[in-house]
Each structure stands twice: as structure tokens, then as C-alpha cells.
Amino acid sequence: MAAGKIEFAPVPERESSRRFQQQKGSTMKFLYDDESFSFEALRSAGYAVYGGADLGEVLVTCRQIPEGDEEAWSAQWAATAARIERIGRDALAAGHRVSAREALLRASNYYRTADFYRRENPAADAESARLAKASQQTFAEAAALLDPPARALRIPYGDTTLPGYLFLADDSGTPRPTLLYHGGYDSTLEENYLALAAGALRRGYNVIAFDGPGQGSTVREQGLRFRPDWEAVVTPAVDFALTVPEVDAGRLVLVGTSLGGILAARAAAFEHRLAACVLHDGAYDFHAVIAATADRAASMPGGMEALMARNTMVRWVVRNGRWTFGVSDIDDLVKATEAYTMAGIADRVTCPTLVLEAENDQFFQGQPQRLFDELTCQKELISFREDEGAGEHCHEGALSLFHQRTFDWLDTVLAG
């Protein structure tokens, strides 16, 4: 397959400024005017395609949450999650396995959503810890009810381990193409099933999903923070995958989502046992995103404190970054992200690579194209547009289209 850019219709020229810093243009509005609330509601609702939500449950929850009210967001999503969890537990007690699995899967997603904005001081926030644990536990019980059941993993990493799941397309024991999958800035291991694994299983792929440092339970329970040399995370995961009998060693694919798009690209530049890499979406320089936010705040009366007070997205980005990078303020976060760039190393990626791009990306506008241009491996760039409902960051709300194009590409590349 020759390198190229796949566009399913002409895409108009766009300015390369990052939307959430500049607040220019308009993203898809879903239930809220607040851009962050709209996006997170869409994210939660979008998992309905794989049983991770019901639209009615999302609607009745969100209508009780005022614009920008983070306390109400947490309380109402937690209440919905608890109600759905009770349905799952009652079904399980009565022997209704499928009903229990479906309800527990939705509850896990809703608990994750309830915890999303609780980032002012999560290390000391008992409710945040409770919600995170509830999301993990309800998912673990749902995963045990999958066909075949998912296997909980502990992947060796330095002097500790990383949590993961092995999802198998069937129980035949046949080696199959396998995805190594991690999320990004705020993803959780439990969300990874809905975000990618469920679609992969339908197409005959196995999936090893895991949380790396700074993600999910690793930061909360193990104190692990993000690190820029992500090959130090992926290489142990590859080592582990190659010991799993159901993994086809010649068809191992790395996939990273959101910030994971730059982390996976960095890993692929140094870990060359991969048959392919998918960057969902492509990202080139995370430091530029954080630095631009700091610059914007510095130019305003009241600085960062004022900007965070009035902008939900910025407030969450800074708070989450302080926690997951282990820093105390925006200046430290700017410095901590300096090494998160593909400058000077993109040409070291040797495996076929798919770069995805979202027309209205709120974080990495223009960066997928820049990364694509510097890649020298076999490559494709697929652009997802607003007018097809897929233009949001990581194509939230358009999982079916995202999976169709991604796995069709993978099918072709791996067959070759």
C-alpha cells in the first residue's frame, strides 16, 4: 500500500490553532453549550454502540446537570451509575447473565464519567477514589461475563506491574492478530474495552489493553506518572504479549488514543517488533498545547487562575496534568511536557502507520498532518469530518465509522 492521505470528501482549509486554547470555530454541540460538558456527554453516550450506555439514561442524567456545574455532574452521573449497578447485581443474583453484563458495563462507564472532573486534588478526594474503584469493579464483573471471559493481567514493568486485560475473539486458542492498546491523558483501562476492544473482537482481533504510567489506576494506586520515553512502557508489553499463546507474533499492532497518539508514535520509533501502528489521533507536540495555554493565561488579567475559573476545558486540562505528571503548577507542567514531541524521531518509525485526524480536534488541531509529513514509513492519513458526525477529538460519537476505517486498513496491511 503506497503512502497517502485518505479523504472521503474534500476537507476545507483549517487554521492550525488549537481549539480549546483559542476558542475559535464550533464543535459538535451535544446537550450543552459548555464545550467540555458537551464533549464528555457525547463521549459517554457514544459507547452505546457497544453496550456501554443507553441514550435515555444519558439524557435523563444530563438534564439534571446545569451548564458547567461540576459538582452536579459528579453527583448525577454517580446516581445513575449506582442505579444501573443495582440492576446488574439483581440480574446476576437471579441468574440473568447477559442482563447483568450489560448493566454492569454501563455502570462502569457512568462511574468513570462521574469521576471525570474531580481533579482539583484527587489524591485526597475520597469520592473520586470511590467512583474510580466502582468503575473498575463493575467492569471487572462485566468482563468476567463476556464470551469468552476477559483475563485480568499484570504486565511486568520495572519493579512493579501494569494492569491489563486480555480480550479474546474466541476460545479456540488459535493465534490471532492482536492489538496492544493504551489510552491517553485521562483514559482508563476499563474504558479501553468500549473505545476499541469491542470493535476489534467482532473482527477477529485479540486485544491486550493496559494502563501505562499516569493512566487509570497506575497513578492513583501505584503513584506512577507519565513518562516521555514511552518505549520503556511498550517494550515490556510487547515482551509480555509474545508469551501469550493466542497472540500471532507476526501481527502485533500498537494503538494509542488521544495523548496516546504521540506516546504510541514515540514507542514505535524505538520498538520495531510491531507489524503496524495506529495513532488515534495523530499528535506531534504535546508541549506546544500546554505552553500555548500558559501563554494565553499570561496575557489575560488574572492569569491562569482567571482562565481556569471561566473555562471548563482549560481547568480540567491543567488539573489533570498536575496530577498525572506529578507537578504543582502550570509552569512545572509546561516544563514537564517539553520532551513530549516527535520532532527529530518521526523518521525512526518503520512499521506501517495509520494516522487519524479529526476536523474539529479540540487539542491537536493540525498536528496529525505534521506528524504524517515527517513519517518515512508506509503510511496513511485518514481525515474524519464534522459533516459525517466524526469531526470531534478521537471521533467521539462515531465509533462505528472510526472502527470501520481503522480495521479495514489493518485488515489490508496485515494481509500484505
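Quantities reported herein were computed from a predicted structural model and do not represent experimental measurements.

Chemist: Looking at this structure, I do not really get the pattern of salt bridges. What am I missing?
Modeler: Where side chains of opposite charge bring their charged atoms close, a pairing between them can arise. Within the structure shown, the criterion is met by 26 salt bridges. A salt bridge links Arg227 to Asp229; the nearest nitrogen and oxygen atoms lie 2.7 Å apart. Of the residues examined, Asp229 reaches a relative accessible area of 24% and is grouped as partly exposed. Put simply, Arg273 and Asp239 hold a salt bridge, and the shortest N to O gap is 2.8 Å. With Arg273 in the loop between α10 (260-270) and β7 (276-280) and Asp239 in helix α9 (residues 231-241), the pair connects residues that are 34 residues apart, well separated along the chain. For Arg273, a relative accessible area of 36% gives the class partly exposed. The structure contains a network of salt bridges with shared partners spanning Glu40, Arg43, Asp186 and Glu191.

Chemist: Before we go on, may I ask you to explain the nonpolar core in this structure?
Modeler: If you look at the biggest cluster of nonpolar residues, it comprises 95 residues, and the most contacted ones within it are Leu180, Tyr185, Ile208, Phe286 and Met342. Here this core takes seven residues from α10, the largest share from any one element. Here Met342 is in contact with Ile262, Ala265, Arg266, Ala283, Tyr284, Val349, Leu371 and Glu374, once residues within four sequence places are set aside.

Chemist: What is the right way to read the packing of helix α5 (residues 97-115) against helix α7 (residues 189-202) from this model?
Modeler: When two helices pack together, their arrangement is captured by the angle between the axes and the distance separating the axes. Two elements in contact, α5 and α7, have axes separated by 10 Å at closest approach and are oriented at 115°. Handedness of the crossing formed by α5 with α7: left-handed. Contacts from Leu105, Ser108, Asn109 and Arg112 of α5 reach α7 at Glu190, Glu191, Tyr193 and Leu194. Taken together, the residues of the contact of α5 with α7 sort by class into three nonpolar, two polar and three charged.

Chemist: Explanation requested: the layout of surface pockets in the structure shown.
Modeler: Rolled over the atoms, a probe sized like a water molecule indicates the empty space that remains. Taken as a whole, the largest pocket holds about 290 Å³ of empty space. Tallying contributions element by element places α7 first for the lining of the largest pocket, with four residues. Grouping the constituent residues of the lining of the largest pocket by class yields 11 nonpolar, one polar and four charged. Its boundaries defined by the atoms lining it, the second largest pocket holds a volume of some 230 Å³. If you trace the second largest pocket, you find 16 residues lining it, with Gln136, Pro163, Tyr165, Leu189 and Glu190 closest to the centre. For the lining of the second largest pocket, the secondary-structure elements that each account for two or more residues are α6 (126-143), β2 (151-157), β3 (160-167), α7 and α8 (217-221). Looking at the lining of the second largest pocket element by element, the count peaks at four residues for α6. Taken together, the residues of the lining of the second largest pocket sort by class into six nonpolar, five polar and five charged.

Chemist: Got a minute to help me understand the pairing of β2 in this structure?
Modeler: It is a general feature of regular strands that their side chains alternate between the two faces of the sheet. Summarising the sheet, β2 and β3 pair through seven bridges and their orientation is antiparallel. When the sheet's bridge partners are listed, Tyr157 is paired in β3 with Thr160. Here β2 hands over to β3 after two residues, with Gly158 in that stretch at a positive phi of 60°.

Chemist: Help me understand unusual backbone geometry, please; the structure alone is not making it clear to me.
Modeler: The phi angle of most residues is negative, glycine excepted, and most peptide bonds adopt the trans form. Cis geometry marks the peptide bond from Asp147 to Pro148, where omega comes out at -5°. When you line up the elements, Pro148 lands in the loop between α6 and β2. Unlike most non-glycine residues, His395 shows phi in positive territory, near 60°. Relative to the elements of secondary structure, His395 occurs in the loop between β9 (379-384) and α16 (399-415). Residue His395 is classed as buried on the basis of its relative accessible area of 0%.

Chemist: Sorry, what's going on with the packing of helix α3 (residues 55-62) against helix α4 (residues 70-93) here?
Modeler: Where α3 contacts α4, the axes come no closer than 9 Å and their chain directions differ by 145°. The two elements α3 and α4 cross, and the hand of that crossing is right-handed. Contacts between α3 and α4 involve Glu57, Val58, Thr61 and Cys62 from the first element and Gln76, Trp77, Thr80, Arg83 and Ile84 from the second. Of the residues contributing to the contact of α3 with α4, the split by class is four nonpolar, three polar and two charged.

The rules behind these values
- Residues numbered from 1 in each chain as written.
- Predicted model: local features only at pLDDT ≥ 70, side-chain atom pairs only at ≥ 80, totals over all residues.
- Heavy atoms only, no water.
- Salt bridge = Lys/Arg side-chain N within 4 Å of Asp/Glu carboxyl O.
- Buried < 20%, exposed > 50% of the residue type's maximum accessible area, 1.4 Å probe, protein only.
- Helix = DSSP H or I, 4+ residues; strand = E, 2+ residues; numbered from the N terminus.
- Core = buried A, V, L, I, M, F, W, Y, C linked by side-chain atoms within 4.5 Å.
- Contact = heavy atoms within 4.5 Å.
- Axes fitted to C-alpha atoms, helices over the stretch in contact; angles between N-to-C directions.
- Left-handed = near helix turned anticlockwise from the far one by under 90°.
- Nonpolar A, V, L, I, M, F, W, Y, C, P; charged D, E, K, R; others polar.
- 1 Å grid on protein atoms, 1.4 Å probe; cavity = no way out; pocket = protein on both sides within 12 Å on 5 of 7 lines; lining within 4 Å.
- Points joined across faces, edges and corners; volume = space filled by probe spheres on them.
- Pairing = 2+ DSSP bridges.

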